[in-house]
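The residues making up each chain are set out below.
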Amino acid sequence: MSLAAHLPTPAVSASYRAALLTTLLAPLMVKLPQVLGLLLASPLFTESGLGVGIIRRGLPSLDPNIAYTSQTLGHRAALDWLSGHVPWWNPFEGVGGPLAGEMQSAALSPLTLWLALPNGQLYQHLTLQILAGLFTVLLLRRLGIAPLSATVGGLLFQFNGTFAWLGNAVVNPIPYLPMMLLGVEDIRAHQNRGTGWIAAGLALSLYGGFPETAYLDGLLAVAWTLARLPGLDGRRQIVFLIRTSMGVAAGLLLATPLLIAFLDYLPHAHTGGHAGAGFVGLHLAPERLANLTLPYLSGPLGQGETPGTPAFWGDVGGYAPLGLVALASAGAVGPDLRILRRTLAAWVCVTVATVYGLPVVSSLVTAIPGVGMAAFYRYLPPSFEFALAILAGLACHDLGRGTAEGQRAPDLLGGVGVALTLTVAGLVLAARAFHGLPPLPWSVPSLLLGGVVALLLALVAVRPLPGAHRSQAVALAAVVEAVALFAVPTVGLPRSGSVDLRGIQFLRDHIGLQRFYTLGPLPPNYGAYFGLAGINHNDLPLPRAWVEHVRRHLDPNTVDILFTGTRRLSDAGPSALQSLLANLPEYEKVGVRYVLAPGGISPFGQPLPGPDPAGTATPLPLRSGDEVVLRTATAGRTGSLQGVSLFIATYGDHSDGLLRSTVCSGVSCADAVADLTQAADNHYVETDLTRPLAVTDGPLTVTLRREGGTGRMAIWVWPASPDGALDMTLNGAAVAGRTPKLALDFSEPTLPPRVYADRTMAIYELPAPAPYFSASDCQLAPQSRDTVVADCAIPSLLRRLELSMPGWSATVNGRNLEVAADGPLFQAVPLPAGRSTVSFSFVPPHMGWGHVAFAVGLALTLVGIMTGRPHGSGLSDPH
């Protein structure tokens, strides 16, 4: 079924082909710097902890799960597909867990295959944008909208605020809302393809992996469908509802494999904030209303939040530019499709009021089943952005045909008034919250842009212009504003850099089937990205048994859904390192062999007191030949010193030369050297002493000399705190009142030894990790995580360190066996005496019914398509 089949005549076909081509090319042109590699779009460079030479200029996306779930788990799912396996299970997070059933990986979505490519997430997002634009154009064409106006609607939706600010699984269902509604309109026009569009749109929306967005968009689809009932006689209403319901049923049946995986997982899952009352009562602060139409009023992403001001960036999910609001307001009062226009306008008003917590309205909306369980204030924007785009397209159409030269456009002028009233109300609320604070740098440019757009639209409304020219002018103003605002976050993308994979290669060479735990580098779920099993997690939902085990046995002070090695439930509680050292045997029991720590400083190092944490750091440049001497009255402890670490700047990892150190305790000294080409910017550089130095309870002197190199390098220094004991000189001259961050690395026999280090990570080895497979009186030869060959002298029990859940099965020499639980977490199967080949596999329970339902859904879709008949379309219906 080609897109061109929607175009009724050759002349109109050419016009709409131009509209479709525009929405096809526009995202590619706007993101051309990323496509060409002039900007680095992949979060791998900035979020994996492996980036080298990366200079971050801001946030390119609000939700870091663009990296930690969407990129990492999506990449893992794509690789599973390409290796011939359905991605039901992920063995690389925690101690294993469902992958497709976790949802956020979008493991069963066709577009997830893009993520197998190095820059695949960029292409995935481009595809989503293009689909959103194309189907919005086709929907507006089905409503009888002129090609230019349909193009405007398509462009405004594909450059919406959610696509601009978010990139995780939230955006995956967005383009399928206009696809479903195209089906609704086709059915209303008796087109036989309507059932197929509804079924495909609903199924793909669910396969997108974010049920909150899919559900909230679905509510708008229901409202749209009901708004299209008037104007049909009784029989046609029944046929319309039956065929629409057939499409919905077919879509749900097509999505049944994913729904089964998800629903089978939920009884065993920890769901975080979705439990209990969910998100009822939460909303964006009304003081942030101005950011709806002036999105960068407080600055680029993540900026403009200060203590005492309302939180915003962590909760917002999109915006609606002033020009879009003005144009949509004009489109709400056109002469045709009156019920649909008013329905869309009501949807916008109600959802925006809910997002900002308007009493009564918010309570009524969150009382709808399922709405309060989602973070609706973040996930409703795609639906009202779509409604606004449709109304804006209708407004352009009205302007193009409704005013003769010499006439004004009162609807457009009224729309500008609505947008300005909303913006001014937001500014008044913001003034109360930000009163007394200095003006933010982006406030004036934001106000100027909004003012210019409003002025241009107002001038177009009152100038004596032909309708076609007026429509073109407003289209240009609204689209240029939308594209400009969409492009702002790209300022945060790095322009150059690379990924250091040496540590990854070490782990691949040595970890086998065992696991690692990270204190920072290679955060979850980048282990899954590289096929390395790490026990850390950053996900939702999560296996409840694993979350409880972490809390009870590994790290009682971690955040349940953020077992990252850095996040703390309470700053007053134990650190991740303290929890690790207190529970080392428990980490070994779950198969942890390696501990990853930031490069440049030992996690077991002892920082010397000195810098004032509230002070502002300044760089102390160090050129070739410069010498810095640091003296402290006491090292704070005695023992065998292995090395020292110093916090430095290398200006984008571009320094060179050597940093030589001499450390003296009393009359005993030891030397060290660090290669500055391997030193990370704004990080510690670690220098290992050529021999252990016995440190006594007395003065300690550290002499640092830079040798060679022309690249910039500096030592970061802070104001000295009152208890600071470090004295510093540069080339013999005292550096008064300033002190660097210096840490001492003492060796202790109880600490894990370091087995690898580079600028991105240091790797420490635990002495006694539990084997992944174990069985008494047997010799085991693991072939993979799922297969092991056992030679047993007597019958035994094979234990496997993989999470036990319904859906696991095993074969022993081809004979099916039930997989039993071995304690609260792991698995076990009985082994006979002699040689056995044991294979494990996971398929969600009841998946056989899922396959049947998928086949029925496909058949129902085909029946719906084949039993329809073509009919007319257009704006002739005044309803």
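Residues numbered from 1 in each chain as written. Predicted model: local features only at pLDDT ≥ 70, side-chain atom pairs only at ≥ 80, totals over all residues. Heavy atoms only, no water.

1. Brief notes about the overall build of the protein chain
Helix and strand counts for the protein chain come out as 27 helices and 34 strands. Considering only contacts in the protein chain between residues 6 or more positions apart, those separated by 24 or more positions represent 78%. Element-wise, carbon and sulfur atoms account for 64% of the exposed surface of the protein chain, whose accessible area totals about 33600 Å². Distance between charge centres in the protein chain, computed from 52 positive and 54 negative side chains, equals 9 Å. (Helix = DSSP H or I, 4+ residues; strand = E, 2+ residues; numbered from the N terminus. Contact = heavy atoms within 4.5 Å. Areas by Shrake-Rupley, 256 points an atom, 1.4 Å probe, with all protein chains shown as cover. Lys, Arg positive; Asp, Glu negative; His and termini not counted. Charge placed at Lys NZ, Arg CZ, Asp CG, Glu CD.)

2. Some points on the sheet that holds strand 26 (residues 773–774)
Reading across the sheet, the four strands line up as 26-29-33-32 and stay open at both edges, with antiparallel pairing between neighbours. Single-partner strands in this sheet number two, and they are strand 26 and strand 32 (820–822). Across five bridges, the pairing between strand 29 (residues 796–800) and strand 33 (residues 826–831) is antiparallel. Looking at the pairing, R800 lines up with Q827 of strand 33. (Pairing = 2+ DSSP bridges.)

3. A few points about the pairing of strand 14 (residues 639–649)
The element strand 14 is largely enclosed, with a buried count of eight among its eleven residues. Note that strand 14 and strand 17 (residues 683–695) share nine bridges and pair antiparallel. Each bridged residue has a counterpart across the sheet, and for I648 the counterpart in strand 17 is H683. In this structure, strand 14 lies alongside strand 23 (residues 742–747), joined through six bridges in antiparallel fashion. In the sheet register, L641 faces strand 23, and the bridge partner there is F746. Two strands pair when backbone bridges link them, and strand 14 and strand 19 (residues 714–719) are joined in this way by two bridges, in the antiparallel orientation. Bridge assignment links A649 to a residue of strand 19, and that residue is A714. (Buried < 20%, exposed > 50% of the residue type's maximum accessible area, 1.4 Å probe, protein only.)

4. Observations regarding a nonpolar patch on the surface
A grouping of L21, L24, L25, L28, M29, L32, V35, L36 and L38 is seen on the molecular surface, where their side chains present a nonpolar patch of about 770 Å² in accessible area. Counting only elements with at least two residues in the nonpolar patch, the list comes to helix 1 (10–30) and helix 2 (32–35). A total of five residues in the nonpolar patch trace back to one element, the largest contributor, which is helix 1. If you trace the backbone, M29 turns up in helix 1. (Patch = residues over 30% accessible without salt bridge, like charges linked within 9 Å, V, L, I, M, F, W, Y side chains within 5 Å. Salt bridge = Lys/Arg side-chain N within 4 Å of Asp/Glu carboxyl O.)

5. What about the side chain of S665?
As for its position among the elements, S665 is in strand 15 (residues 658–665). If we skip the residues at most four places from it in the chain, S665 touches L693, A694, V695, T696, P699 and L700.

6. Side note on the nonpolar core
W165, W224 and Y517 are the most contacted members of the largest nonpolar core, which totals 191 residues. Counting residues per element, this core draws most heavily on helix 18 (residues 381–402), at twelve residues. In contact with W165, not counting residues within four places along its chain, are S61, L62, D63, P295, Y296, L301, F312, W313, V316, G318, Y319 and P489. Judged by nonpolar contacts, the second largest core, of 33 residues, contains V644, A672, A674 and L693. (Core = buried A, V, L, I, M, F, W, Y, C linked by side-chain atoms within 4.5 Å.)

7. A closer look at the packing of aromatic side chains
For the coordinates displayed, the defined rule picks out 31 aromatic pairs. Note on F604 and Y764: the rings are 5.2 Å apart at their centroids and 80° apart in plane angle, and the pair reads as edge-to-face. In this pair, F604 sits in the loop between strand 10 (592–598) and strand 11 (606–607) while Y764 sits in strand 25 (residues 761–765), placing the two residues 160 residues apart along the sequence. Note on accessibility: F604 and Y764 belong to one class, buried. (Phe/Tyr/Trp six-rings, centres within 6.5 Å; stacked < 30°, edge-to-face > 60°.)

8. Section: the environment of V95
Of note, V95 is situated in the loop between strand 2 (89–90) and strand 3 (97–98). For V95, a relative accessible area of 0% corresponds to the buried category. Counting along the chain gives 593 residues from V95 to D688, while the straight-line C-alpha distance between them is 35 Å. Residue contacts for V95: discarding those within four places in its chain leaves R515, W546, V590, L801, E802, L803 and F826.

9. Structural notes on the sheet that holds strand 34 (residues 834–842)
Strand order across the open sheet formed by five strands is 27-28-34-30-31, with antiparallel pairing between neighbours. In this open sheet, the two edge strands, each paired with only one partner strand, are strand 27 (778–782) and strand 31 (815–818). Strand-to-strand, the axes of this sheet are offset by a mean angle of 25°, without reference to chain direction. Pairing analysis gives five bridges linking strand 30 (residues 808–812) to strand 34, with the strands arranged antiparallel. If you follow A810 over to strand 34, its bridge partner there is F840. (Axes fitted to C-alpha atoms, helices over the stretch in contact; angles between N-to-C directions.)

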